[in-house]
Amino acid sequence: MTTVATSPRFKDNVREALVDPNLQTALSFVEVNFIARRQEVADKLPEFEQLRDSARDIKNHTLAHLDLYLEAYEQRVVAQGGKVHYAVTADDACKIALDLCRQLGAKTVTKGKSMIGEEIGINAFLEANGVTPVETDLGEYIIQLRGELPSHIIAPAVHLTKAQVEADFRRVHTHLPHDRNMAEPETMLAEARAVLREKFLAADVGITGANFLIAETGSSIIVTNEGNGDLTQTLPKAHIVLASIEKLVPTLEDAAQMLRVLARSATGQEMSVYTTLSTGPRRAEDLDGPGEYHVIILDNGRSAMLGGQFRDMLRCIRCGACMNHCPVYHAVGGHAYGWVYPGPMGAVLTPSLIGVDKAGNLPNASTFCGRCEEVCPVRIPLPKLMRHWREREFERHLSPGTVRAGLGLWAFFARRPRLYGFATGIAARVLTFFGRSRGRFGWLPLAGGWTKHREFPSPQGKTFQAQWQRRMERRP
Amino acid sequence: MNARDTVFASIRSALAVNGQEAPRRREVADRLAGHPAGVVPQRGNLPPQARLALFVKMMEAAAGTVTAVASIDEVPAAVGTFLRRYNLPLAVRRGGDEKLGGVPWSNEPALEMSVGPSDGAQLTSVSHAFGAVAETGTLVMTASPDNPTTLNFLPDNHIVVLDAKDVSGDFETSIGKLREKYGAGALPRVVNMITGPSRSADIEQTLILGAHGPRRLHVVVVGEP
Ligand code: SF4
């Protein structure tokens with residue numbers, strides 16, 4: 001029951017996003033907050049860059065030995081009384097979760113934030129089959145009230161203003177008296193906390209994701225700031241972990257390396273508030289904790305990525321830094337990308353998971369400024385991977401005719417350097433002539449789409465190549 | 001083929017391996033057994049007093065509060081002071097932890113004490129930390145009947161008793177201590193690494209303390225490091 005994608009209508013999504021005043025207000029916070037906080041906390045740790053190398057190397061090593069680490073991990077989980085289930089597809093994972101819920105007689109399920117849960121569309125599936133899922137992360141809870149997808153992988157409701165959230169609370173929490181002040185984040189959080197406390201205590205099953213799986217100990221790790229994930233997994237009869245194959249790391253020491261770059265890259269914290277290692281179900285003498293512990297290991301196209309050009313993408317630890325630093329994300333937000341994973345990481349991952357025919361527009365939504373790669377804690381070459389997709393899209397004749405014609409024309413000149421220099425020289429002179437009064441153009445033939453949203457600066461003097469040649473000649 | 005076999009076959013075909021290659025198996029076994037440390041930040045590499053001071057500084061930066069006492073005899077007074085400061089009822093719940101059991105709670109006669117996990121009805125809990133990491137101001141809590149996990153999350157106020165000598169400089173040292181206590185490849189059911197009170201910034205990125213877990217986290221450091 002994979003979540004339906006609107007990625008094929010990416011361009012329409014973008015058009016709508018650019019004129020949505022609420023979205024634009026909400027997005028203005030992303031740029032200022034996340035970037036400054038990450039920089040500050042990275043600057044405080046002299047070893048940060050070395051830790052990024054280390055995190056990259058750990059993931060590369062694990063991926064190269066994934067079958068063996070998965071075996072070791074499974075063995076440890078079973079030794080501690082847990083169960084491991086394998087899901088080849090999103091549908092398989094949903095069915096396994098539903099079967100477990102049925103065996104446990106579960107009516108309601110609390111959920112910690114899980115991107116895998118979003119990817120496989122588990123909420124819709126459970127709901128259609130008579131089990132009520134309740135999201136407990138505040139951001140996820142809000143988007144569940146609205147029936148939306150998250151617009152950011154670590155801040156799911158980042159696209160909303162507080163006024164919008166207040167309106168949703170008033171619409172759904174009908175027990176609220178009209179005069180209750182609900183205008184501030186504090187009061188909204190208090191309300192959500194009170195409502196969700198009841199749900200935590202009543203739930204039969206808790207489903208969480210996993211930031212990492214540790215082969216050495218058979219543990220799953222969740223990282224949260226709210227504590228919702230911990231209540232989700234501690235209070236019900238059973239804890240189900242949804243995790244994909246690439247979450248594995250070998251040892252506790254390796255996990256420590258990863259954790260040091262995760263929180264810093266994600267929220268700019270030294271450490272998230274709660275980092276929880278869970279190993280198996282409640283033990284004989286325990287007074288609390290889940291009676292059963294299940295892990296659903298999802299493949300859903302990842303093992304295929306392991307063998308191809310996109311293997312690097314499997315290092316991703318879902319920190320969100322790439323989207324926090326992306327000028328395209330800042331302009332259009334996460335929903336425009338049309339599926340679960342937005343921003344640069346989504347532009348690379350989404351075509352792998354749902355097909356380049358559906359998501360081919362996403363890798364085009366990049367200026368290739370390179371900021372995503374600069375901040376990615378596991379050094380994924382995101383621009384390069386997006387370029388691979390562009391090439392594939394072109395090879396498979398999925399790009400539109402105008403783009404192909406334009407590229408063909410450019411290729412014609414690019415292969416003939418003299419002609420290229422001649423033609424661009426003329427173009428520069430013509431543009432300089434017409435642009436001499438204002439210094440920029442509000443409209444240009446054949447570039448109406450571009451100039452509709454911004455002005456084109458008129459050339460200052462000769463072309464770059466001509467200037468370069470002059471400079472080289474002048475050198476002794 | 002069942003799902004497990006399909007996933008393994010698919011991984012192996014992508015990696016062009018069969019899983020039986022001796023060098024690969026050795027490399028994995030060695031890493032699991034040897035668990036090499038990677039890059040360990042020097043920040044926590046300090047003499048005991050300075051290490052404790054770093055823990056306090058980092059915990060306070062994460063909005064936790066810390067008080068130091070000379071011995072466990074002074075823990076009841078520290079708990080009482082904390083509760084009175086916030087006008088909280090003088091009642092706490094704790095687990096059966098030996099150390100907490102040895103605290104002379106009667107030194108604070110008005111303090112009402114109950115023992116067991118939390119069901120959400122208690123306002124304040126007291127637990128005993130396995131240790132702490134100075135590097136980031138993080139408490140390391142291990143689940144057991146002595147310190148049930150629910151005490152870490154359900155009450156609004158969480159008081160943690162920490163022995164000054166249990167503060168490590170970095171995560172690797174704490175991991176070593178866990179391994180020493182629980183054995184190779186084993187962990188208690190839950191290890192909670194806690195850095196400050198619960199919070200959310202999901203609405204317009206405004207940071208608010210007290211999301212689903214405790215609104216206040218108070219650490220009572222006992223003795224000399
Ligand atoms: S691609 Fe890198 S920066 Fe983006 S979410 Fe993944 S790990 Fe973080």
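Residues numbered from 1 in each chain as written. Chains lettered and ligands numbered in written order. Predicted model: local features only at pLDDT ≥ 70, side-chain atom pairs only at ≥ 80, totals over all residues. Heavy atoms only, no water.

A.B. asks: Help me understand the packing of aromatic side chains in this model?
C.D. replies: To describe a pair of aromatic rings, one takes the distance between the centres and the angle between the planes. By the definition in use, this model includes 10 aromatic pairs over all chains. Ring centres of phenylalanine 464 of chain A and tryptophan 468 of chain A lie 6.1 Å apart, and the angle between their planes is 20°; this geometry places the pair in the stacked category. Residue phenylalanine 464 of chain A and its partner tryptophan 468 of chain A are located together in helix 23 (residues 464-474), separated by 4 residues, close to a single helical turn. Given a relative accessible area of 63%, phenylalanine 464 of chain A falls into the exposed group. Directly above the ring of phenylalanine 368 of chain A sits arginine 390 of chain A, whose terminal nitrogen or CZ lies 4.1 Å from the centroid. Above the plane of the ring of tyrosine 86 of chain B lies arginine 216 of chain B, whose end atom (NZ or CZ) is 4.1 Å from the centre. (Phe/Tyr/Trp six-rings, centres within 6.5 Å; stacked < 30°, edge-to-face > 60°. Helix = DSSP H or I, 4+ residues; strand = E, 2+ residues; numbered from the N terminus. Buried < 20%, exposed > 50% of the residue type's maximum accessible area, 1.4 Å probe, protein only. Lys NZ or Arg CZ within 6 Å of the ring centre and 35° of its normal.)

A.B. asks: What's the story with the site of the ligand in this structure? I'm lost.
C.D. replies: In the vicinity of the ligand, 14 residues are found, and the nearest of them are Cys316, Cys319, Gly320, Cys322 and Cys376 of chain A. The residue makeup of the shell around the ligand, split by class, is 12 nonpolar, 1 polar and 1 charged. (Near = heavy atom within 4 Å. Nonpolar A, V, L, I, M, F, W, Y, C, P; charged D, E, K, R; others polar.)

A.B. asks: Just to check I follow, could you spell out the interface of chain A and chain B for this structure?
C.D. replies: By a widely used convention, the size of an interface equals the accessible area lost when the partners come together. On the chain B side, the residues contacting the 103 residues of chain A number 75 residues. Carbon and sulfur atoms supply 59% of the area that chain A and chain B bury against each other, a total of about 7400 Å² over both sides. Between the two partners, chain A and chain B, sit 14 salt bridges. For arginine 260 of chain A, the salt bridge goes to glutamate 172 of chain B, with nearest N and O atoms at 2.7 Å. At the boundary of chain A with chain B, the tally comes to 42 residue pairs in polar contact (both at pLDDT 80 or more). Sorting elements by how many residues they give to the side of chain A that touches chain B places helix 10 (residues 185-202) of chain A first, with 10 residues. Across 5 bridges, the pairing between strand 9 (residues 274-278) of chain A and strand 9 (residues 190-194) of chain B is antiparallel. Pairing of tyrosine 274 of chain A across the sheet is with isoleucine 194 of chain B, part of strand 9 of chain B. (Contact = heavy atoms within 4.5 Å. Buried area = accessible area lost by both parts, 1.4 Å probe. Salt bridge = Lys/Arg side-chain N within 4 Å of Asp/Glu carboxyl O. Polar contact = N/O pair within 3.5 Å; in protein donor to acceptor, adjacent residues only side chain to side chain. Pairing = 2+ DSSP bridges.)

A.B. asks: Looking at this structure, how should I read the sheet that holds strand 8 (residues 248-249) of chain A?
C.D. replies: Sheet strands associate in pairs through backbone hydrogen bonding, adopting either a parallel or an antiparallel arrangement. Within the open sheet, the 8 strands sit side by side as 8(A)-5(A)-6(A)-9(A)-9(B)-6(B)-5(B)-8(B). Their pairing is mixed. The open sheet has two edge strands with one neighbour each: strand 8 of chain A together with strand 8 (167-168) of chain B. As paired strands, strand 5 (residues 212-214) of chain A and strand 8 of chain A are joined by 2 bridges and run parallel to one another. Note on strand 8 of chain A: the bridge partner recorded for leucine 213 of chain A is leucine 248 of chain A.

A.B. asks: When you look at the domain arrangement of chain B in this model, what are you seeing that I'm missing?
C.D. replies: For chain B, the assigned domains read domain 1 (1-34) and domain 2 (48-222). A straight line from the C-alpha centre of domain 1 of chain B to that of domain 2 of chain B covers 41 Å. (Domains from an automatic or database assignment.)

A.B. asks: When you look at the nonpolar core in this model, what are you seeing that I'm missing?
C.D. replies: If you look at soluble globular proteins, the nonpolar side chains tend to sit buried side by side. Within the largest apolar cluster, 134 residues are counted, with the highest numbers of intra-cluster contacts made by Met313 and Tyr341 of chain A. Those residues in contact with methionine 313 of chain A, other than ones at most four positions away along the chain, are Met305, Met345, Val348, Leu349, Ile380, Leu382 and Leu385 of chain A. Grouped together as the second largest cluster of nonpolar side chains are 45 residues, Tyr141 and Leu160 of chain A together with Ala129 and Leu139 of chain B included. (Core = buried A, V, L, I, M, F, W, Y, C linked by side-chain atoms within 4.5 Å.)

A.B. asks: I keep staring at a positive patch on the surface and nothing clicks. Help me out?
C.D. replies: A cluster of basic side chains, namely Arg429, Lys462, Arg470, Arg471, Arg474 and Arg475 of chain A, defines a positive patch on the protein surface. Within the element layout of this structure, arginine 475 of chain A appears in the segment after helix 23. (Patch = residues over 30% accessible without salt bridge, like charges linked within 9 Å, V, L, I, M, F, W, Y side chains within 5 Å. Areas by Shrake-Rupley, 256 points an atom, 1.4 Å probe, with all protein chains shown as cover. Lys, Arg positive; Asp, Glu negative; His and termini not counted. Charge placed at Lys NZ, Arg CZ, Asp CG, Glu CD.)

A.B. asks: Help me understand the domain arrangement of chain A, please; the structure alone is not making it clear to me.
C.D. replies: Along its sequence, chain A is carved into domain 1 (21-303) and domain 2 (416-474). Averaged C-alpha coordinates put domain 1 of chain A and domain 2 of chain A at centres separated by 51 Å.

A.B. asks: Could you clarify how one ought to interpret helix 4 (residues 66-79) of chain A in this entry?
C.D. replies: Count 3.6 residues to each turn of an α-helix, and residues three or four apart come out pointing the same way. All names here are of chain A. End to end, helix 4 covers 20 Å across 14 residues, agreeing with the expected 20 Å (1.5 Å per residue, within 8%). For helix 4, the full list of buried residues reads Leu66, Asp67, Leu68, Tyr69, Leu70, Ala72, Tyr73, Glu74 and Val77. Looking one or two residues past helix 4, glycine 81 carries a phi angle of roughly 90°, positive in sign. (Expected span 1.5 Å × (residues − 1).)

A.B. asks: I would appreciate a short explanation of helix 2 (residues 21-43) of chain A in the present structure.
C.D. replies: All names here are of chain A. For helix 2, which comprises 23 residues, the first-to-last C-alpha distance of 34 Å matches the rise-based estimate of 33 Å (1.5 Å per residue) to within 8%. Buried residues belonging to helix 2 abut helix 1 (10-18), helix 3 (48-64), helix 12 (252-266), helix 14 (321-324), helix 15 (327-332) and helix 18 (371-375). Two to three positions downstream of the cap, the backbone nitrogen of asparagine 22 sits 3.1 Å from a side-chain oxygen, assigning the N-cap of helix 2 to aspartate 20.

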